[in-house]
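Tertiary structure, described
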Amino acid sequence: MSKKNNKIDFGFDFVDPKEKNILVSKIFDNVSKKYDLMNDILSFGLHRAWKQELINMLSPQPHQILADIAGGTGDLAKNFLNNGGGKADVIDININMIKHGINKKFRNIRYIVGNCENLPIKENTYDRVSIGFGLRNITYRQKALQEIYRILKPGGRLVCLEFSHIQNEVLQNLYEIWSFKFLPRIGSLVANNEYAYKYLAESIKMFPNQEKLSFMMTKANFSRVKYKNLTDGIVALHSGWKI
Ligand code: SAM
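Notes on the structure in this doc start here. (Residues numbered from 1 in each chain as written. Predicted model: local features only at pLDDT ≥ 70, side-chain atom pairs only at ≥ 80, totals over all residues. Heavy atoms only, no water.)

Overview of the overall build of the protein
- From N to C terminus, the protein includes 9 helices and 10 strands.
- A compact globule built from 243 residues would reach a C-alpha radius of gyration of about 18 Å, and the protein, at 17 Å, matches this within 12%.
- For the C-alpha atoms alone, the extent of the protein along its principal axes is close to 45 × 40 × 35 Å.
- Counting across all 243 residues of the protein, residues that qualify as buried make up 53%.
- A sequence separation of at least 24 residues applies to 64% of the contacts in the protein between residues at least 6 apart.
- On the protein, roughly 11800 Å² of surface is accessible, and the fraction owed to carbon and sulfur atoms is 52%.
- When the 35 positive and 23 negative side-chain charges of the protein are each reduced to one mean point, those points stand 5 Å apart. (Helix = DSSP H or I, 4+ residues; strand = E, 2+ residues; numbered from the N terminus. Rg over C-alpha atoms; globule rule 2.2 N^0.38 Å. Buried < 20%, exposed > 50% of the residue type's maximum accessible area, 1.4 Å probe, protein only. Contact = heavy atoms within 4.5 Å. Areas by Shrake-Rupley, 256 points an atom, 1.4 Å probe, with all protein chains shown as cover. Lys, Arg positive; Asp, Glu negative; His and termini not counted. Charge placed at Lys NZ, Arg CZ, Asp CG, Glu CD.)

Concerning the pairing of strand 9 (residues 223-230)
- Of the pairings in the sheet, the one linking strand 9 to strand 10 (residues 235-241) comprises 6 bridges and is antiparallel in character. Among the inter-strand pairings, N229 is bridged to a residue of strand 10, identified as A236.
- Taken together, strand 9 and the strand that follows it, strand 10, pair antiparallel across an intervening segment of 4 residues, in which T231 is found at a positive phi of about 45°. (Pairing = 2+ DSSP bridges.)

A closer look at the packing of helix 1 (residues 17-31) against helix 8 (residues 194-206)
- Contact geometry for helix 1 and helix 8: axes closest at 10 Å, N-to-C directions at 125°. One way to sum up the angle between helix 1 and helix 8 is to call them oblique. Helix-helix and strand crossings are classified by hand; for helix 1 and helix 8 the assignment is left-handed. Mapping the contact onto sequence places L23, V24, I27 and V31 in helix 1 and Y195, A196, Y197 and Y199 in helix 8.
- Across the contact of helix 1 with helix 8, the residue classes break down as 8 nonpolar, no polar and no charged. (Axes fitted to C-alpha atoms, helices over the stretch in contact; angles between N-to-C directions. Parallel < 35°, antiparallel > 145°, perpendicular 65-115°, else oblique. Left-handed = near helix turned anticlockwise from the far one by under 90°. Nonpolar A, V, L, I, M, F, W, Y, C, P; charged D, E, K, R; others polar.)

What about the site of the ligand?
- Taken together, 19 residues are adjacent to the ligand, and Y35, A70, D92, N115 and G132 come closest.
- Within the backbone of A70, a nitrogen or oxygen atom sits 2.9 Å from a nitrogen atom of the ligand.
- For the ligand, a nitrogen atom lies 2.8 Å from a polar atom in the side chain of N115.
- Considered on its own, the ligand offers 600 Å² of accessible surface; in the complex 97% of this is hidden by protein.
- Those elements that place two or more of their residues in the shell around the ligand are helix 1 and helix 2 (35-42).
- Looking at the shell around the ligand residue by residue, the class counts come to 9 nonpolar, 8 polar and 2 charged. (Near = heavy atom within 4 Å. Polar contact = N/O pair within 3.5 Å; in protein donor to acceptor, adjacent residues only side chain to side chain.)

Describing helix 1
- End to end, helix 1 covers 22 Å across 15 residues, agreeing with the expected 21 Å (1.5 Å per residue, within 8%).
- Within helix 1, burial applies to P17, K20, L23, V24, I27, F28 and V31. End-on, the buried residues of helix 1 take up no more than an arc of 130°, which puts them together on one face. Counted as exposed and oriented over 90 degrees from the buried face of helix 1: K18 and N30.
- Packed against the buried residues of helix 1 are strand 2 (7-10), strand 3 (13-15), helix 2, helix 5 (95-101), helix 6 (141-151) and helix 8. (Expected span 1.5 Å × (residues − 1). Arc of directions from axis to C-beta.)

No statement about biological role is implied by the geometric values presented.
Rendered as structure tokens:
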């Protein structure tokens, strides 16, 4: 979390923490309808491969229950079940994101509206927790990691997929042009929302790098914390265990 005079980062701006929640909610209310389509367009479909890597890392088993935190339209929960997992709860603060993801084919998914800084879940409930592209949007990230730790069973694992810091200078320069010049324009054309995709580009830039996020997970009590860069660090998977 970047802080300036008790204000908190919202893209490149610094706002009151309560205001950040409202601004983030508005963004996801507005993009929920086109969210899945935009993910495919903006990542050239790569988000599917990144999400599959997360699921592989979780190695789902039929007896396991997953909490997909900030799960939005529930891609990760659905993948978890399709890859052999038992049950999944999609937990998200935004009811519109949840509504657009509900698919009756998946009978073993429950949808829960909740804030991951204060989860409406008993401790030691889940075998696995995923959070995909969620942490960046959360106001109090350290608190959210502590909550995730609380709801995991002992022996449980968290895997977090998030945009990160690119390890290759040429790719970094190209990515910068893509993020700041093209992304908001495509957002405007396809989702009629330039602002949301400008926020996306800025929030990626402001998000802690691989080492800092590892440190935050360790601070939240996770053990054996490690990360794996995907596509040269455009995104990273961070893993930690509750032991
Ligand atoms: N996990 C999905 C995916 O990978 O496609 C959706 C990610 S979407 C970029 C971010 C999600 O985080 C949104 O659905 C938003 O509503 C949710 N979110 C933001 N703040 C939250 C909070 N404090 N608690 C729970 N969910 C939150």
